[in-house]
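# Structural overview
The chain contents come next:
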Amino acid sequence: MAFDTISVIGLGYIGLPTAAMFAAHGKKVIGVDVNQHAVDTINRGEIHIVEPDLDALVAQGVAKGRLRAVAVPEPADAFLIAVPTPFENDSSLSVPKPDLKYIQAACSSIAPVLKKGDLVILESTSPVGATEKVVEWLAAAREDLSFPVEGAMNADIFVAHCPERVLPGHVVRELIENDRVIGGITSACSKKAVELYKVFVQGDCVVTNARTAEMAKLTENASRDVSIAFANELSIICDETDIDVWELIALANRHPRVNILQPGPGVGGHCIAVDPWFIVSRSPESARLIKTAREVNDSKPLWVIEKVKLAVADFLTANPKKSISNMRIACYGLAFKPDIDDLRESPALNIARELTSLYGTSLVSVEPNIEANMQVNGVNLSKFDGAYNSSDIHVLLVDHKEFKAKSKPVGLVVDTKGIWK
């Protein structure tokens with residue numbers, strides 16, 4: 001199959017770069033998104049997210065007529081589903097449970113336009129068994145087509161799971177260079193998926209089954225989450241014992257078999273802060289270490305907030321003529337990692353939001369990747385220079401390049417990233 005036309009369902013941080021990459025390699029690409037603003041923006045040859053080099057790729061694809069966005073799926077030869085997989089909105093659950101409603105909605109939307117020979121790939125990070133659910137939902141909607149079953153060789157539609165595994169800020173390059181794990185429902189499905197990704201992937205396409213491919217992505221992120229939890233727990237211990245955690249880690253990492261990660265204000269993003277819970281929710285009695293790591297990382301923002309409260313108390317003690325209403329606190333960074341605008345599951349955003357509720361207009365926040373003088377999730381944004389030059393307390397939450405280029409500001413500093421020591 002030549003895969004002349006490719007449809008990407010979901011034009012966010014993964015779907016849009018993937019769609020643009022296929023277009024850059026000569027394929028006709030139809031991007032689908034329920035967000036009309038995103039659709040209109042892309043069709044102008046522009047982008048609605050921040051990702052280096054993506055703007056040129058999208059502009060080129062649209063200008064050459066290879067990339068266009070729509071709100072309703074159209075016929076294609078391959079369909080890639082890249083939609084969110086959030087948690088169920090149920091506060092009574094002791095362990096967050098994955099919600100597959102967006103994947104199910106994507107299946108419902110593409111089912112009417114499927115034809116014999118089409119390939120459907122689930123790219124969304126998913127709990128084990130989700131790809132089998134895709135088959136179930138599509139089969140229920142299209143009884144006139146046959147769908148793959150493990151162990152069988154023949155089916156009208158091919159279905160596989162291929163999780164994205166790229167780093168925000170480096171997505172365009174890593175889409176090409178990184179290996180891909182491809183898990184087909186059958187070996188024939190895997191073969192078709194490899195054929196599709198080899199349109200642009202230079203890394204290896206490693207074949208396994210669907211369930212192992214799903215677990216591979218969850219395992220990658222859970223592994224990093226556990227490692228970050230160790231660093232975050234270490235930072236708390238070092239604070240209690242008056243030790244510079246960054247110096248300590250640098251010294252420990254001089255051992256040839258030690259590689260401790262860097263601590264921070266918590267863990268965010270759509271992967272590391274979410275995916276480990278998919279494992280815990282399925283095996284709650286066995287996933288004890290993974291669950292503890294999630295709890296350590298989820299509690300780190302509360303620790304940071306307490307450090308800010310102590311800094312406020314220290315400032316007011318040293319300046320008895322001042323009050324909270326006439327002091328200034330600045331939070332630096334709202335994104336979940338450096339040099340991007342992605343706020344998903346961001347601990348920095350949650351910290352800034354909580355501090356805003358505590359200190360009101362005394363607090364300003366700076367996020368250089370989002371336009372200043374606006375409000376984001378209840379947090380007022382200000383320009384960097386004004387906050388840097390006039391604040392009494394500085395709370396460094398994200399090590400954006402703009403902040404790293406500056407020396408330690410005057411005033412009290414709560415530095416969660418170790419760049420203003």
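Scroll up a little and you will see the structure.
Anyway, here's the lowdown on the structure attached to this text. Given the structure is predicted, the values throughout are model-derived calculations rather than measurements.

### Focus: the nonpolar core
Grouped together as the largest cluster of nonpolar side chains are 72 residues, with contacts concentrated most on I81, V120, L138 and L196. Listed in part, the 27 residues of the second largest apolar core include C331, V376, L381 and L397.

### A short note on helix 12 (residues 347-359)
With 13 residues, helix 12 extends 18 Å between its outermost C-alpha atoms, agreeing within 8% with the 18 Å of an ideal straight helix rising 1.5 Å per residue. Looking at the packing, one finds that the buried side of helix 12 touches helix 11 (288-318), strand 9 (329-332), strand 10 (363-366), strand 11 (375-376) and strand 12 (379-380). Capping of helix 12 at its N-terminal end is provided by S346; its side-chain oxygen lies 3.3 Å from the backbone amide nitrogen of A348. The positive-phi residue at the C-terminal boundary of helix 12 is G360, with phi of around 55 degrees.

### Here's the deal with the sheet that holds strand 6 (residues 158-161)
Strand pairing in a sheet takes place through backbone hydrogen bonds and is either antiparallel or parallel in direction. If you walk across this open sheet you meet the eight strands as 3-2-1-4-5-6-7-8, and the pairing is mixed. The open sheet is flanked by strand 3 (67-70) and strand 8 (205-209), the only strands paired with a single partner. The mean angle between the axes of side-by-side strands here comes to 25 degrees, regardless of whether they run parallel or antiparallel. Relative to strand 4 (residues 78-81), strand 1 (residues 5-9) runs parallel, the two being bridged by four bridges. By the bridge assignment, I9 is partnered in strand 4 with I81.

### Some details on helix 8 (residues 210-240)
For helix 8, spanning 31 residues, the distance from its first C-alpha to its last is 46 Å, which sits close to the expected 45 Å at 1.5 Å a residue. You can read the cap of helix 8 off the contacts: a side-chain oxygen lies 3.3 Å from the backbone nitrogen of R211, and it is on N209. Two residues or fewer after helix 8 comes D242, characterised by a positive phi angle close to 55 degrees.

Here is what the cut-offs are and how they apply
- Residues numbered from 1 in each chain as written.
- Predicted model: local features only at pLDDT ≥ 70, side-chain atom pairs only at ≥ 80, totals over all residues.
- Heavy atoms only, no water.
- Core = buried A, V, L, I, M, F, W, Y, C linked by side-chain atoms within 4.5 Å.
- Buried < 20%, exposed > 50% of the residue type's maximum accessible area, 1.4 Å probe, protein only.
- Helix = DSSP H or I, 4+ residues; strand = E, 2+ residues; numbered from the N terminus.
- Expected span 1.5 Å × (residues − 1).
- Contact = heavy atoms within 4.5 Å.
- Polar contact = N/O pair within 3.5 Å; in protein donor to acceptor, adjacent residues only side chain to side chain.
- Pairing = 2+ DSSP bridges.
- Axes fitted to C-alpha atoms, helices over the stretch in contact; angles between N-to-C directions.

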